[in-house]
Structures are given as C-alpha cells and as structure tokens.
Amino acid sequence: MELDSGLARYIIRRALQIPPLLFGITILAFLIFYLSPVNPVVAYLGMTTVQKMPAEDIAKVEEQLGLDKPAYERYLLWLEHIAQGDWGFSYILKRPVLDVILERFPATLLLTFTGYGLSMVLGVVMGLASAKREGSPLDRFLHHLNYILYSTPTFLAALLAMLVFAVWLGWLPSSRMISVNEPVTFWAYNLDRIRHIILPASVLAVSHLAVFYTYIRSSLLEAMREDYIVTARAKGLDERTILYRHALRNSLLPFVTQIGLAIPLLIGGSVIVESIFAWPGIGKLTYDAALRADYMLLMGMTLFTSLLVIIGNLMADVAYAILDPRVKYN
Amino acid sequence: MSVCARHKVSEAVLAGIRRGAPSWPVLIGLLLLAIFLILAIFAPLISPYDPWEPGKPFLPPSGTHPFGTNDIGQDIFSELVYGTRISLFVGFFAAFVSVAVGTLVGLFSGYLRGAADEVLMGATDIVLIIPALPLMIILAAHTSPSIWNIIIVIGALWWTSTARVVRSRVLQLREMPFVESARGLGAGDAYIVFRHILPNTLQVILAKFILAVAGAMLTEASLSFLGLGDPLQKSWGMMLNYAFSRGGFINGYWWWYLPPGICISLAVLSFVLIGFGLEEREQKAMMPSQL
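Topic: the overall build of chain B
Here is step 1 of the chain: A tally of helices and strands in chain B yields 12 helices and 0 strands.
Here is step 2 of the chain: The linear arrangement of helices and strands in chain B, starting from the amino end, is α-α-α-α-α-α-α-α-α-α-α-α.
Here is step 3 of the chain: Expressed as a percentage of the 291 residues in chain B, the buried residues total 50%.
Here is step 4 of the chain: Taking the intrachain contacts of chain B between residues at least 6 apart in sequence as the baseline, contacts between residues at least 24 apart amount to 71%.
Here is step 5 of the chain: A total accessible area of about 13,200 Å² is found for chain B, and carbon and sulfur atoms account for 69% of it.

Below is the structure:
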C-alpha cells in the first residue's frame, strides 16, 4: 500500500512536468510558422487567386485567418483551436491537419514497431554474444561491425538494400505498403503486405542496431561485475545461468528508459526510410509538407511527434519505476 | 579456467585498457582522418579534372576516369575529392557551433544552478523531445539552401548531449577544493568558470566534438540526399542525390553511387573510432575514483 501511493505520487509528479514542456514546444512550433517567409493568404488560396483579388478582399481573408492580430493573440487562438481538436487546414492536401495525421499514423506505427522490435531482438542477441566472452574474437568482431553500422547513413543503407533486394535480385518490392493491384484473398493480401514491410523495417532495424547493441553490451558487462553475480558464481551456478537469468534480467531494466529516449531518433529514421520506400506514413508526410511549405501541417506534425515522445518517455519511466523496486520516487 | 581465474584475467585486461595505450580503432580512425584531410587540403592538386567540367556521360571507370563519369560527364573522382572539402567543412563547423552552444549552456546551468539551471535544462529537454531530423528538414526547407544554413540548423539542434555532459561535470567540479580556494582568494564567477572549470571540462568536450563532427556529416549527407542541400556545393550527399534522382541506381551505374556512399561511411567512421576511443578512455580514467 505504501509503495502504491509512492508510485502514484511519482506518476503525478512526472505528469506535472509535461505542461511546461508542451508550452515550450507549442511556442517553438508557432514560431516556425510565424517566422516563415510564406504569406499565409497565398498559402491558403493560391498565388493566382490572390493576384486577382482586390486589396480589401485580401484584408478580409487576413482578418478571417486572424493575421491582423498581434503574435501572442494569434498564438493563443491557435492553442485554443488545438485544444478544440481543430489543428488547422493542410492546403496541399485540402483537408484538416489532424485527420491527415491520424490517417497516416497507423502506417508509421506498424513500420516503427516492426523495425524497432527487430532491432531490439538483434541488439539483445548480439549483446549477449558479446558479453558471454568479453574480448573474444566474436565480441571484437561485433564491436567493430557496430562502428560500421553506426557510420552508415540510414539513407545509404536504404538505397543499398533497395538496390540489392528489389532491383538486382527482385525478391522484394521496392516501394509502397501494398501492390498497386491489391490481392483479393486474405492470405495473398497479408503476404503482399509482409513482403512490402520487410525492406523498410529491416533498414530501420539496422539503422538503430548500433545504439541498442552498445547499450545492452555495456550494461551486461557492468552487471557481470556486480556483487550479486559474484554471489551467484560462489553458489556454483554455471556461467550460462548467470548470464541469462541474472545479468540479462537486470540489464534489460534500464533498457526500458533507453527505448523512450530513442523515440525522436526513430521518428527521424522513419522520415528517411518512408521517403525512400514511399511508405505512406507520417514521416513521408513531414517530408512532403516541408518541401511544399505546408506550414499548418508542419506545425501539427511537430506538435504531434513531440507529444508522442513525451508520452513515450513518460510510459518508459513509469514502466521502469514499476519494474524496478529499487527506484526511489523522488 | 576456473571462474575466479577468469575474473582475474578480465580484471587484468581492464587494467591494461585503463592505462590508456592508443588502441587499434583509434589509430585506424586517425589514419583515415589523415587521408581525408590530405584529400581536402590538396584537392586542386589531387583531382585530375575540374569537378564541374562536363564531358562524355556515363563512362565506366577507366585509366582516364578512375571512377568514371556521371550523367553530364563530370569526373566522379574529382567530384569526390572536392566533396571531401564540403563534408569536412560542414562537419567541423556545425560541430563547433553545437559544441560551443552546448558548452555554454552546460557551464552556466551547472555553475549557476537554481532558476537558471531549471530554465536552461528545460530548454534542453524541449530540444531533446522535438524529433531533430524532421525539424531540420523543416528549417532547411524554410531557409535558402546554403551550406551556412545547414551548419546553423545542425548546430542549433545538436548541442543537447554536450550541454548535459558538461553540466554534470561542472556540478562535480564546482564543489572541488581548488574551486573553493579560488573563490576564497576572491576570484569572480566569470574568472572561475572560464579559467578553472572550463579547462577541466575540455576532455569531455573534445570527445563530444569529435562525435558531433560525425553526426553533423551524417546529417548533412541526409539533408543533401533529401534534396535540401546546397546545389552550388558538391558534397557527397549531393552526389548521391543526383545519382538517385537521375537514374544512376536504376541503371546500375555503380561507380556513380558507391564511391560517395563509401566515402561518407569511411569519413564518419574515422570520427566515430576516434570519438568513442576517447570517450571510453575518459570513462575508464574516471572509473577508479568511482569505485
């Protein structure tokens, strides 16, 4: 009972840190829009329409869009609209921003989870292989491979994977989430989707592998030097049990927070991977919006991805606090 | 080997590393970096052609064109050599900006503590939370494409980890006896921060700087590849962008896209090897005092 109220207080205090962060982020997102060189009226109606319009009509549109008000009023107005679920209007897609984001988000979630999951599994397997014998040829090989992975730009990995597996070998499709002619039967449909996700998810996994592997390896090695491992050895447990049952369990715990911290990087990675593989998620949406200066959409995207990161971090911290009884809630 | 003996051996290996002999990865990194620096500095002497001079397109590698030519017949080897300049330039300058910002934020936040610390670390958290790459794409698309803008964009968003590391180091340092005694002798805050604390953080900052160069080069390449680079500067990312958008990949002109890709990876690798080597040494140097 004592512990539970402590945890509740911890969650509440952690949640209280969110509003100031959100405040800062909304200000930044608004500044991007406010300082942008593009005239919102032109953006809204198109250059040709604006050129034909009389000056008083333009003034009327400006008034409608709230452009005649001072910056802080426009900011507050924007916040008010956001709170009401009106995230603005994307003028390249001619649709409400929030609708577009929510429509595209599941595709990104699917790709990210697949890629991330793959990356974590590979990272743990490689980390275990390394930590089993520190300094062994396998450990050194993995350690060096890790440097190479770290140094390879994601877009390069994506291009090479596409080149080898889609263009040369022709094993896998090179773009989109599903074939142009969607297969009709259930099995063929799902097989088609799996074939489409393999390349982008693998590239995402490889691009993040270095971070996970390094983290797992060093935390395993650190754990292997702890007192409880010495105790386990003294009890006569074999190394395998010690590594898997004792060291790994304790190393995976702080890994939870690591996952939360990696979300911004992963979103960055998904922008590149989605753009190259034409994956219809929010990463590609951000890229298209930036190239075509769709500021309403960009503001919405900045806010949305930041929210994701905040929620992700909060969940990771809370999960960590629940999983590790040693955490003191202060 | 018994469990105990194995434990002893690993202890001995650790002690060997702690002594800080230059490891192989660091040496390889330095060698690679030296090669790229020579290419960058002596680019006009090394490259056989003007990288902008058009000629016969799509020539495969040969004696006259070691890496062949691109779609408008520019010599790819010469483009690569000149590209080294751009990539290193952006890498160094962006890393400099980001590390300078991060160091200042870390110094003030760690030394002043209190409200200033809260505000600065709050700002750091915000920059950490907003996914950097999309924001960089937005900013790069906003501003006119030039390498200076890319440098500023990367620098403006890459400083957070330096700020955190410097801050935690400063928090340790400010309680140390030599700082106390300097304060006792009547030294002002600015004097203490810049003459006593800053020099003691340089080793941490150096490791961060080198890793920031690697990060900046990767980011520049990514932005250029996405078409947000400076069209007047031939960086490696730009070369890849052209190779991709003008059919080099689809048509299998491997000499067009493989060399810049390999160069980016090797150049980043050189900084990664040196940077992680330094960081590992730093951590190991700090370990005995923590145990």
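Points about the domain arrangement of chain A
Residues and elements named next belong to chain A.
Here is step 1 of the chain: Segmenting chain A into domains produces domain 1 (1–92 + 294–330) and domain 2 (109–291).
Here is step 2 of the chain: Taken together, the 18 residues of domain 1 in the interface contact 16 residues of domain 2.
Here is step 3 of the chain: Roughly 1,300 Å² is buried in total at the junction of domain 1 and domain 2, and carbon and sulfur atoms are behind 82% of that figure.
Here is step 4 of the chain: Where domain 1 touches domain 2, the interface holds 0 salt bridges.
Here is step 5 of the chain: Where domain 1 touches domain 2, the interface holds 0 residue pairs in polar contact (both at pLDDT 80 or more).
Here is step 6 of the chain: In terms of residue class, the side of domain 1 that touches domain 2 is built from 11 nonpolar, 3 polar and 4 charged.

Brief notes about the nonpolar core
Here is step 1 of the chain: Ranked by internal contacts, the top residues of the largest apolar core, which has 140 residues, are Ile101, Phe155 and Ile276 of chain A together with Ile137 and Trp236 of chain B.
Here is step 2 of the chain: Among the elements that take part in this core, helix α10 (residues 189–225) of chain B stands out by supplying 16 residues, more than any other.
Here is step 3 of the chain: Counting residues domain by domain, this core receives three or more from each of domain 1 (1–92 + 294–330) and domain 2 (109–291) of chain A.
Here is step 4 of the chain: If we skip the residues at most four places from it in the chain, Phe155 of chain A touches Ile272 and Ile276 of chain A together with Ala221, Ser222, Phe225, Leu240 and Ile264 of chain B.
Here is step 5 of the chain: Counting residues in hydrophobic clusters, the runner-up holds 19 residues, among them Ile242, Ala247, Leu248 and Phe255 of chain A.

Considering the interface of chain B and chain A
Buried accessible area, meaning the area lost when the parts come together, often serves as the stated size of an interface.
Here is step 1 of the chain: Counting residues at the interface gives 40 residues for chain B and 44 residues for chain A.
Here is step 2 of the chain: Note on chain B versus chain A: buried area summed over both sides is about 3,900 Å², and carbon and sulfur give 80% of it.
Here is step 3 of the chain: Scanning the region where chain B abuts chain A turns up 0 salt bridges.
Here is step 4 of the chain: Linking chain B with chain A are 2 residue pairs in polar contact (both at pLDDT 80 or more), by the criterion used here.

A short note on the pattern of salt bridges
Here is step 1 of the chain: Evaluation of the coordinates by the stated rule reveals 11 salt bridges over all chains.
Here is step 2 of the chain: Taking the shortest distance from any N to any O, the salt bridge between Lys284 of chain A and Asp288 of chain A comes out at 3.2 Å. Separated by 4 residues within a single helix, Lys284 of chain A and Asp288 of chain A lie in helix α13 (residues 282–291), roughly one turn from each other.
Here is step 3 of the chain: Residue classification places Asp288 of chain A among the partly exposed residues on the basis of a relative accessible area of 22%.
Here is step 4 of the chain: Beyond isolated ion pairs, a larger network of salt bridges with shared partners links Arg113, Arg174 and Glu175 of chain B.

Side note on the environment of Ile130 of chain B
Here is step 1 of the chain: Mapped onto the fold, Ile130 of chain B is located in the loop between α5 (114–129) and α6 (132–142).
Here is step 2 of the chain: Here Ile130 of chain B is in contact with Ile25, Leu28, Thr302 and Ser306 of chain A together with Leu135 of chain B, once residues within four sequence places are set aside.

Some details on the packing of helix α9 (residues 154–168) of chain A against helix α12 (residues 239–276) of chain A
Angle between the axes and distance between the axes: these two values describe a pair of packed helices.
Residues and elements named next belong to chain A.
Here is step 1 of the chain: Relative to each other, α9 and α12 sit at 30 degrees, their axes nearing to 9 Å. By the angle class used here, α9 and α12 are roughly parallel. Between α9 and α12 the crossing geometry is right-handed. Residues Thr154, Phe155, Ala158, Leu159 and Met162 of α9 pack against Ile272, Val273 and Ile276 of α12.

Here's the deal with the confidence of the model for chain B
Residue and element names in this part refer to chain B.
Here is step 1 of the chain: Counting all residues, the mean pLDDT for chain B is 81, and 89% of those residues have values of 70 or more.
Here is step 2 of the chain: The least confident element of chain B, judged by mean pLDDT, is helix α1 (residues 3–18) at 49; the most confident is helix α4 (residues 76–112) at 90.
Here is step 3 of the chain: Low pLDDT, under 50, characterises residues 1–6; the stretch is placed with 5 contacts to residues that sit more than four places away or in other chains.
Here is step 4 of the chain: Predicted confidence is poor over residues 286–291, with pLDDT under 50, and the contacts of this stretch with residues over four places away or in other chains come to 3 contacts.
Here is step 5 of the chain: Here the complex is predicted with pTM 0.81, and the ipTM for its interfaces comes to 0.79.

Quick notes on the environment of Leu223 of chain B
All names here are of chain B.
Here is step 1 of the chain: You can see Leu223 is positioned in helix α10.
Here is step 2 of the chain: Residue classification places Leu223 among the buried residues on the basis of a relative accessible area of 0%.
Here is step 3 of the chain: In this structure the C-alpha to C-alpha distance between Leu223 and Gly186, which are 37 residues apart in sequence, comes to 50 Å.
Here is step 4 of the chain: If we ignore the near neighbours within four places in the chain, the residues touching Leu223 are Met136, Ile137, Ile150, Leu228 and Gly229.

About the thresholds
- Residues numbered from 1 in each chain as written.
- Chains lettered and ligands numbered in written order.
- Predicted model: local features only at pLDDT ≥ 70, side-chain atom pairs only at ≥ 80, totals over all residues.
- Heavy atoms only, no water.
- Helix = DSSP H or I, 4+ residues; strand = E, 2+ residues; numbered from the N terminus.
- Buried < 20%, exposed > 50% of the residue type's maximum accessible area, 1.4 Å probe, protein only.
- Contact = heavy atoms within 4.5 Å.
- Areas by Shrake-Rupley, 256 points an atom, 1.4 Å probe, with all protein chains shown as cover.
- Domains from an automatic or database assignment.
- Buried area = accessible area lost by both parts, 1.4 Å probe.
- Salt bridge = Lys/Arg side-chain N within 4 Å of Asp/Glu carboxyl O.
- Polar contact = N/O pair within 3.5 Å; in protein donor to acceptor, adjacent residues only side chain to side chain.
- Nonpolar A, V, L, I, M, F, W, Y, C, P; charged D, E, K, R; others polar.
- Core = buried A, V, L, I, M, F, W, Y, C linked by side-chain atoms within 4.5 Å.
- Axes fitted to C-alpha atoms, helices over the stretch in contact; angles between N-to-C directions.
- Parallel < 35°, antiparallel > 145°, perpendicular 65-115°, else oblique.
- Left-handed = near helix turned anticlockwise from the far one by under 90°.
- pLDDT = per-residue confidence, 0-100.

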